[in-house]
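Chain by chain, the residues run as shown.
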Amino acid sequence: MSNPRCKGCGREIIWVEHKNPVTQEIKKVPLDPRAPTYRRNEAGQWIRSDAYVSHFSTCSQANQFSNSSKSAPPDDPWWNRD
Ligand SMILES: [Zn+2]
């Protein structure tokens, strides 16, 4: 089984449902399974974490849509699933 790919940059992504704790709204968020993340353990050492980074922050094409002050997002953004 392979993961879907970002339409912007072609990288592998994983879709998850994220529930906003305030509004209870559920949104689909693309995560980047390839981006390494780190955390500190109890001894204060930095170790690899199993956390995932939002692909919005790693996508090379992210500036196509992140310019929020300019205009509303398009109806059919690139991160929509096929
Ligand atoms: Zn991308």
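Refer to the structure presented above.
Criteria and thresholds
- Residues numbered from 1 in each chain as written.
- Predicted model: local features only at pLDDT ≥ 70, side-chain atom pairs only at ≥ 80, totals over all residues.
- Helix = DSSP H or I, 4+ residues; strand = E, 2+ residues; numbered from the N terminus.
- Buried ≥ 20, exposed ≤ 12 C-beta atoms within 10 Å, placed from the backbone.
- Pairing = 2+ DSSP bridges.

K.L.:
Looking at this structure, I do not really get unusual backbone geometry. What am I missing?
P.N.:
Most peptide bonds take the trans configuration, and most residues that are not glycine carry a negative phi. At Gln24, a residue that is not glycine, the phi angle is positive and equals roughly 65°. Counting through the fold element by element, Gln24 comes out in the loop between strand S1 (14–19) and strand S2 (26–32). Residue class for Gln24 comes out exposed when judged on the 7 C-beta atoms lying within 10 Å of it.

K.L.:
I tried to follow the pairing of strand S3 (residues 37–40) on my own but got confused; where do I start?
P.N.:
Residues in a regular strand project their side chains so that they alternate between the two faces of the sheet. Alignment of S3 against strand S4 (residues 46–49), held across 4 bridges, turns out to be antiparallel. The residue of S4 that forms the bridge with Arg39 is Ile47. Remark: 5 residues form the turn of the hairpin made by S3 and S4, two consecutive strands paired antiparallel; Gly44 in that turn has positive phi of roughly 80°.

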